[in-house]
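Coordinates in review
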Amino acid sequence: MRKITEDEFRDYLELKKFMNEVPGAAKGKTVKRHLSLDQLDEVRAARGDQEFAMFMDEMRARKEKEEK
């Protein structure tokens, strides 16, 4: 398995925070800094969904502002 970059690791931590999980919560176990490509795809998908939701909120706000 290839090593991940710091950006990929930050994305992983962002996903854990989004899922209300604490990485490395189990004591006595080593924390591996490896993600599978499927896990990285989940991070990218979650980010994409957030960006799309923010875009839609902005469009709704603009439409309401124009209607006033």
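Scroll up a little and you will see the structure.
So, here's what we can say about the structure. Computed from a predicted structure; not experimentally measured.

Next up on the list: the overall build of the protein chain. Summing up its helical and strand segments, the protein chain has two helices and zero strands in all. Taking all 68 residues of the protein chain together, the buried fraction comes to 16%. In the protein chain, 80% of the contacts between residues at least 6 apart in sequence involve partners at least 24 apart. Carbon and sulfur atoms make up 53% of the accessible area of the protein chain, which amounts to about 6300 Å² in all.

Moving on, we come to the side chain of D11. Mapping D11 onto the fold places it in helix α1 (residues 6-18). Overall, the relative accessible area of 16% leaves D11 in the buried class. Residues in contact with D11, not counting those within four places in the same chain, are V43 and R47.

Here is what the cut-offs are and how they apply
Residues numbered from 1 in each chain as written. Predicted model: local features only at pLDDT ≥ 70, side-chain atom pairs only at ≥ 80, totals over all residues. Heavy atoms only, no water. Helix = DSSP H or I, 4+ residues; strand = E, 2+ residues; numbered from the N terminus. Buried < 20%, exposed > 50% of the residue type's maximum accessible area, 1.4 Å probe, protein only. Contact = heavy atoms within 4.5 Å. Areas by Shrake-Rupley, 256 points an atom, 1.4 Å probe, with all protein chains shown as cover.

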